[in-house]
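# Tertiary structure, described
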Amino acid sequence: MNAPWHRFYTTNYDNTIEKIDNDIIPVDTTSPLDSIEIKSKRCVHLNGYIGNLTLDTLDKSFKLTEGSYLDNTGFLYSPWYTVFKRDLERCSALVFVGYSLYDIDIERILVNIPNLKDNTYFIIKSDATENEEFSFKQFGNVFKIGVENFSTLISSNNFVKNNNCISSLSINRYDHEFNSESVRDDDIEKLLFFGSLNNKLLESDVLFKANSYVIFRDRINDVVDVIEDSNVIVTSEFCNGKTIFLYECLPILNKRFSNIYIIDDPHSDYINDLISICSICQHEKIIFVIDDYFQYVSIFEYLSSFNKDNIRFLLFSRNERHEKQKKLLSDINFSYKEFIIDILTQNEIKNIINLIDSIGFWNIESDKYNFVYHQCERQISLLLFNIFESDHIKNKIKSIISNLIDENDVIKNITVVELYLCMLDIKIDFSLLSELSSNAIYDSGIRTNPSFNAIFNIKDGMFVSKSGMFCQKVIKNFIEPDYTIKTLLTIADRINALNSYNRDVVHDEILKSCFKFSTIERILPDNDKEKNIISYYERLKRTIKWLIHDPHFWLQYGMGFIAVNDLNKAQQYLNNAYAKAKRRENYTLDSIHTQQARLYILQAIDCKDIKNSLNIFKQGHNLLISIQNSKYKYRQLYLYDLYFKNKKDSLNKDQIDLFLNLCKLMRKNINKNFTDNGSSESYLRNKVVALFNEILK
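This write-up is about the structure you can find in this document. (Residues numbered from 1 in each chain as written. Predicted model: local features only at pLDDT ≥ 70, side-chain atom pairs only at ≥ 80, totals over all residues. Heavy atoms only, no water.)

Moving on: the overall build of the protein chain. Helices and strands together make up the secondary structure of the protein chain, namely 35 helices and 15 strands. The C-alpha atoms of the protein chain give a radius of gyration of 28 Å, which matches the 26 Å a tight globule of 697 residues would have. Here the C-alpha coordinates of the protein chain stretch approximately 100 × 60 × 50 Å along the principal axes. Across the 697 residues of the protein chain, 53% fall into the buried class. Within the protein chain, contacts between residues separated by at least 24 positions form 70% of all contacts whose residues are at least 6 apart in sequence. (Helix = DSSP H or I, 4+ residues; strand = E, 2+ residues; numbered from the N terminus. Rg over C-alpha atoms; globule rule 2.2 N^0.38 Å. Buried < 20%, exposed > 50% of the residue type's maximum accessible area, 1.4 Å probe, protein only. Contact = heavy atoms within 4.5 Å.)

So this is what it looks like as structure tokens:
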């Protein structure tokens, strides 16, 4: 027991292991995961644990009869099976003692996890037959020494931790390597359209500011300047270059700091690794870099134990996720400087135009600078959106994806699930993908499939993130909407089946995305989109039955009916959302108010009686002016212009004056305490102010 075992798994019911080592915590397959990655060692009792024996567990978690082994409440159907698969993917040694390999699913994993066979060891009895020995040799190394000899052998080894050596599976030290490769057109295409990043090319390009592979972002220098004295959080909207910005920062930071560590495995024992690094480098400056930091919130609970003077965090997040974490960061007194990188500078616009020009992928020949500045609103995401709409790119994607999604339904399902998770910017490993799609992902035939490898890259057991825009466009343009709907319903159902103790923040983020109108709307094709959205929400509330009591669900459902211009049905569902929200303590109504205001203004436009129309419009205006300024509020303000264009010929002078006065009040409202932080939200607000200025001329 003195060996540095990460976790024990046993088919025994007894507490022998726990008696030998009091620090080991026993669990069975019904036990909650409960932050297992940062707690003491566990012994997982696959067939039940004697210490948990009750009349209830005897029926549920104890495997005593043949029937109990065949039901769907055991190890293979529990969250601990996912933990087990992750342990296999990450372990340096997997040792079986007295195990008979009776489980076909475990056999399949042992065969198909790359390099696992070399690190797998079977301890079997010394008089085992040749047939018995052969059956184990298919999966790893066999030692015919028996349990007692194994115990003696392992006890004779001293496991001493070298405090001067940093060895971590969950945290990678960044070191720049000199690169002499030249950038090719194919490299740029793979980066822009598939999200395949060549780190060596990027590092050289950034260090020399060549702008021949990536564009050097001006705010990188700002980040490097302030991180000496402050933590930094960099945020952006969907597909505006957040992850590439991260990798661009690294070589520049490395010129000034030698201890840069990237934390990129949310399911590993990163807390202990982080503490170990801090202990070894306690007199040196350390920078920990984390993409999508919401997946690592447990780190911040441990901040009080660190010497904060020599530690800096460089964190990255999508804007919306960061907004949700701000209270937590405030509660633990985590101070930071924030940089939002949504909007391209003039210099960056020129460089990205030159970069795309170099591979000839423009589908416009007009003034490209004005196109990026105005039509694409100075955002990478909108620029890529335009490029992906070109026939050339669509045909290129189709030629790659068609073989994959047409091959068989298992591969198609795995592909669609992975594309969806990549679009959400979720870190994906084999365990999560198998949990939400199929254990077939462990079959080597899929991972060696040429079409599969053309789309997905696997590194250190993780699927490397693809371009979110690429993933969105593939699902939208090449997957039948009914198949997309069924896949999302299955994902939601599988996550919902986990109880709250066995779900982590990643599960919750994925589940929320399955409810969110803006996500669903983004991946359904334009043809019959409205009908498909309504169909999805109808089926969703029958799949996840508790949603009928949730105000946010009825809000999203109502938004679906606003999209199809069924304003009466939309009002019915928003009324339902308000009714459900009133039963929730401290429920914030801003989201419902925003959509209700939108609905009022659309109803006002439809209303033929001009007096009633203006009164309904005022209801919407009063709701909007009462809620906090945000991008969701700003988007509704475009409706002021639409209303005026539709009604100005019917309004008398007093009514026009009243409408213009409302516009002045709203302009004053959104100007109050405004600071332009360079975000897409600020850009949207500025466009709305310009719109009001035009109306009020």
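Attention now goes to the pairing of strand β6 (residues 141-144). Strand direction decides the pairing type here: strand β5 (residues 120-124) and β6, joined by 4 bridges, are parallel. Bridging from a neighbouring strand, Phe 122 pairs with Val 142 of β6. Assessed by its sense of winding, the connection that carries the chain from β5 through helix α6 (residues 130-137) to β6 is right-handed. (Pairing = 2+ DSSP bridges. Right-handed = clockwise from strand over helix to strand, strands pointing away.)

Turning our attention to helix α24 (residues 481-497). For α24, built from 17 residues, the straight-helix expectation of 24 Å at 1.5 Å per residue is met to within 8% by its first-to-last C-alpha distance of 24 Å. Buried within α24 are the following residues: Tyr 483, Thr 484, Ile 485, Thr 487, Leu 488, Leu 489, Ile 491, Ala 492 and Ile 495. Elements in contact with the buried residues of α24: α19 (409-423), α20 (430-436), α23 (468-478), α25 (505-515), α26 (517-523) and α27 (529-543). (Expected span 1.5 Å × (residues − 1).)

So, on to the packing of aromatic side chains. We describe a pair of aromatic rings using the distance from one ring centre to the other and the angle between the two ring planes. Counted by the stated rule, this structure contains 30 aromatic pairs. When the ring of Tyr 121 is compared with that of Phe 143, the centres are 6.1 Å apart and the planes differ by 35°; the resulting orientation is tilted. Of this pair, Tyr 121 sits in strand β5 while Phe 143 sits in strand β6, and the two are 22 residues apart along the sequence. Note on Tyr 121: relative accessible area 25%, which makes it partly exposed. Judged by relative accessible area, which is 38%, Phe 143 ranks as partly exposed. Through a chain of ring-to-ring contacts, three or more aromatic side chains come together here, namely Tyr 536, Tyr 537, Phe 553, Trp 554, Tyr 557, Phe 561 and Tyr 573. In this arrangement the basic side chain of Lys 209 is found over the ring face of Phe 216, its NZ or CZ atom lying 4.8 Å from the centre. (Phe/Tyr/Trp six-rings, centres within 6.5 Å; stacked < 30°, edge-to-face > 60°. Lys NZ or Arg CZ within 6 Å of the ring centre and 35° of its normal.)

Let's shift gears to the pattern of salt bridges. What the rule picks out here adds up to 35 salt bridges. A salt bridge links Glu 389 to Lys 473, with the shortest nitrogen-to-oxygen separation between them at 2.5 Å. Taken together, the residues span a long stretch of sequence, with Glu 389 in the loop between α17 (380-388) and α18 (391-407) and Lys 473 in helix α23 at a distance of 84 residues. When the shortest N-O distance is used, the salt bridge between Lys 476 and Asp 526 registers 3.3 Å. Residue Lys 476 is found in helix α23, and its partner Asp 526 is found in the loop between α26 and α27; the two are separated by 50 residues along the sequence. (Salt bridge = Lys/Arg side-chain N within 4 Å of Asp/Glu carboxyl O.)

This next bit is on the packing of helix α31 (residues 610-626) against helix α33 (residues 638-647). Packing of α31 against α33 brings their axes to within 12 Å, and their N-to-C directions diverge by 170°. Judged by the inter-axis angle, α31 sits roughly antiparallel to α33. For the pair α31 and α33, contact is made by Ile 610, Ser 613, Leu 614, Phe 617, His 621 and Leu 624 and by Tyr 640, Tyr 643 and Lys 647, respectively. (Axes fitted to C-alpha atoms, helices over the stretch in contact; angles between N-to-C directions. Parallel < 35°, antiparallel > 145°, perpendicular 65-115°, else oblique.)

To continue, consider the sheet that holds strand β13 (residues 428-429). The antiparallel open sheet is built from 3 strands, whose spatial order is β13-β15-β14. Each edge of the sheet is formed by a strand with only one pairing partner; in this case those strands are β13 and β14 (457-459). As defined by bridge partners, β14 adjoins strand β15 (residues 462-464) across 3 bridges and the pair is classed as antiparallel. What sits directly across from Asn 457, in β15, is Val 464.

Okay, the pairing of strand β9 (residues 259-263) next. Regular strands have side chains that alternate between both faces of the sheet. The element β9 is extensively covered by neighbouring structure, given that 5 of its 5 residues are classed as buried. Side-chain alternation along β9 places Asn 259, Tyr 261 and Ile 263 on one buried face and Ile 260 and Ile 262 on a second face that is also buried. Two elements, strand β7 (residues 171-173) and β9, share 3 bridges in a ladder whose sense is antiparallel. Residue pairing in the sheet places Asn 172 in a bridge with Ile 262 of β9. Pairing between β9 and strand β10 (residues 286-290): 5 bridges, direction parallel. Residue pairing across strands places Ile 260 opposite Ile 287, the latter belonging to β10. What joins β9 to β10 is helix α12 (residues 270-280), and the crossover it makes is right-handed.

Counting 183 residues, the largest nonpolar core has Leu 314, Ile 510, Leu 540 and Tyr 640 as its most contacted members. It is α19 that contributes the most residues to this core, 9 residues altogether. Once residues within four sequence positions are removed from consideration, Tyr 640 is found in contact with Ile 601, Phe 617, His 621, Leu 624, Phe 659, Cys 663, Met 666, Phe 692 and Ile 695. Judged by nonpolar contacts, the second largest core, of 22 residues, contains Ile 271, Phe 288, Leu 315 and Phe 334. (Core = buried A, V, L, I, M, F, W, Y, C linked by side-chain atoms within 4.5 Å.)

A separate point is helix α14 (residues 319-331). Every α-helix winds through 3.6 residues per turn, so residues three or four apart in the chain are directed the same way. The end-to-end C-alpha distance of α14 is 19 Å, a good match for the 18 Å that 13 residues give at a rise of 1.5 Å each. The largest bend along α14 reaches roughly 40° and is located at Gln 325. Just downstream of α14 lies Asn 333, where phi reads positive at about 60°. (Bend = angle between axes of the 7 residues up to and from the residue.)

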